[in-house]
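Examination of the molecular architecture
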2 protein chains.
Amino acid sequence: MSGTLYGIGLGPGDPELMTLKAHRLITAAQVIAYPAPDTGPSFARSIAAEFIPQNVREIPIVVPMRVDRFPAQQIYDKAALEIAQVLEGGTDVVVLCEGDPFFYGSFMYLFERLSGRFVCEVVPGVTSLTACAAQLQRPLTSRTDVLTVIPGPLSDEDIRCRIEDAQAVAIMKVGRHLPRLKALLEELGLLEQAGYVERASLPEQKVSRLADLDCETAPYFSMILIYKGDEAWTLPPSFSS
Amino acid sequence: MSGTLYGIGLGPGDPELMTLKAHRLITAAQVIAYPAPDTGPSFARSIAAEFIPQNVREIPIVVPMRVDRFPAQQIYDKAALEIAQVLEGGTDVVVLCEGDPFFYGSFMYLFERLSGRFVCEVVPGVTSLTACAAQLQRPLTSRTDVLTVIPGPLSDEDIRCRIEDAQAVAIMKVGRHLPRLKALLEELGLLEQAGYVERASLPEQKVSRLADLDCETAPYFSMILIYKGDEAWTLPPSFSS
């Protein structure tokens, strides 16, 4: 019997926002794998750190942090090979994933290489989408709203037409696109309805009206949420300080 | 000191998919509130049932199950009044919410009535969106995909134009709209790329290619996921039986 490949969503960053199932599988793991940048520690591993058993075998998947962040295929080929050997030996492998494995996650690169040969189970996690809405204290969607999720790196033209068709809009991966996106939303008359969250649920999180944000750049883990119907929106008092 | 209002996402249905934080707050609760239909037990309460302490005070919010499911304002007015009295007395109230409180959730009706007067914390949960993708064993979004989430009750025309602009599409609350939506997707040439999930993560869940689905109606908690780039998509073998 081969082992099972688990892709486990850890949620947005606060370890308490992982699921009971993620917690159970991590605390019982013999082998874990996780993405890691070549410039520092793994964010996914840091979320799970307090629950990782001693003497676990760790398989870091070190991906160079280039601007476009598209993975080098060879890195995933090599990681899949190492993980396959563990699975063939009958041991499960738990892959730690920020947020949800199938929501803009790099887990898909392992999944597409291994799911045909091994039993694979994906454990969904809390996405940054609803974690950011919770921090902004504003519903993401209700009733018959259409929600559109747009990656920040898309062109102004691509973003503009998608915003026009939705009631609720999330722009993910804001990063270095912040000044451009802010200008675009001002042009569309939506700046006052836009909220901004970076590193949601972590101690260093930042929550702001987009209009009040004074920085010129944002980290990769940042999001703009727009609720078009909500013209008089302001942050609740607890965040206004 | 007034109590805090907690809106707690419980995830899609499997109790193990609630977060550690939801678990902690529920097991320590003195007062819980939850939506309930007038026709049977509360789904939200059933997810949390095994963790609800004895002798907890329960405030069911009984909402008539009319076709459009839009809440009667008076019911939420009355519930908010009862909850406000508890909060004013210095006791926290934990509101149990299916999925995520701010993702098409009825929690917003309490939130809009109470968040101005009381401290409110929203604990995000796993949404049906990623829970369904996990069950279909197919990534929801990757790289620079645009995702659009569309409520099934919208008109064909509204749905058609939104599908055209996205790479990944989720149609929520399929219910009685199933035959119409299936016909629309066939017309758009997308039936073969569509997956169907009802009651994700529960023992009675159903997972299928939409093209293979032979029923004429679906429950309220059902979803169609379309990944347009994925032309040769089939369900993995474990679900094909």
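Below you will find a few notes about this structure. If you're wondering where the values come from, they're calculated on a predicted model, not measured in any experiment. In this convention, every chain numbers its residues from 1, walking through the sequence in written order. To label them, take the chains in the order written and letter them from A, then take the ligands in the order written and number them from 1. For this predicted model, a pLDDT threshold of at least 70 governs which residues receive local features, and a threshold of 80 or more governs which side-chain atom pairs are given and counted, while totals over whole chains, interfaces and linings are taken from all residues. As a convention, hydrogens and water are excluded, and side-chain values are obtained from all of the structure's heavy atoms.

Structural notes on the pattern of salt bridges
Spelled out, the test is: The term salt bridge refers to a pairing of a side-chain nitrogen on Lys or Arg with a carboxyl oxygen on Asp or Glu at a separation within 4 Å. Relative accessibility thresholds used throughout: buried, under 20% of the residue-type maximum; exposed, over 50%; partly exposed, between the two (1.4 Å probe, protein chains only). Helix and strand definitions follow DSSP, with helices as H or I runs of at least four residues and strands as E runs of at least two, each counted in order from the N terminus.
One pass over the structure, following the stated rule, counts 26 salt bridges over all chains. Measuring nitrogen to oxygen at the nearest pair gives 3.4 Å for the salt bridge that ties R113 of chain B to E112 of chain B. Assessed through its relative accessible area of 46%, E112 of chain B is described here as partly exposed. Notably, a salt bridge pairs R160 of chain B with E187 of chain B, separated by 2.9 Å at the nearest N-O pair. Taken together, the residues R160 of chain B in helix α6 (residues 156-164) and E187 of chain B in helix α7 (residues 178-187) connect sequence positions 27 residues apart. Through salt bridges with shared partners, a single network forms among D77, E112 and R113 of chain A.

Here's the deal with the packing of helix α3 (residues 73-88) of chain A against helix α4 (residues 107-114) of chain A
All names here are of chain A. Where we set the bar: Fitted lines through C-alpha atoms give the axes, limited to the stretch in contact for helices. The angle between two N-to-C directions lies from 0 to 180 degrees. We call two directions roughly parallel when the angle between them is under 35 degrees, roughly antiparallel when it is over 145, roughly perpendicular when it lies between 65 and 115, and oblique otherwise. Note on convention: near helix rotated counterclockwise from far helix by under a right angle means a left-handed crossing. Clockwise means right-handed. Throughout, a contact is declared for two residues whenever any of their heavy atoms are within 4.5 Å. Amino acids are sorted into nonpolar (Ala, Val, Leu, Ile, Met, Phe, Trp, Tyr, Cys and Pro), charged (Asp, Glu, Lys and Arg) and polar (every other residue, Gly among them).
The interhelical angle for the contact between α3 and α4, taken along N-to-C directions, is 60°, at an axis separation of 9 Å. Considering their axes alone, α3 and α4 lie oblique with respect to each other. Considering the relative orientation of α3 and α4, their crossing is right-handed. Of α4, the residues touching α3 (which contributes Q73, Y76, D77, A79, A80, I83 and A84) are Y109, L110, R113 and L114. Residue classes in the contact of α3 with α4 are distributed as 8 nonpolar, 1 polar and 2 charged.

Some words on the sheet that holds strand β2 (residues 31-37) of chain B
Residue and element names in this part refer to chain B. The following threshold applies: Strand pairing is defined by DSSP finding a minimum of two bridges between the two strands.
One open sheet accounts for 5 strands, arranged β3-β2-β4-β1-β5; its pairing is parallel. For this open sheet the edge positions go to β3 (57-63) and β5 (120-123), each flanked by a neighbour on one side alone. Along the sheet, successive strands turn relative to each other by an average axial angle of 20°, direction set aside. Examined bridge by bridge, β2 and β3 share 7 bridges and lie parallel to one another. What sits directly across from A36, in β3, is V62. On top of the sheet, helix α4 (residues 107-114) reaches β1 (5-9), β3, β4 (93-97) and β5; it is set at about 160° to β1, its chief contact.

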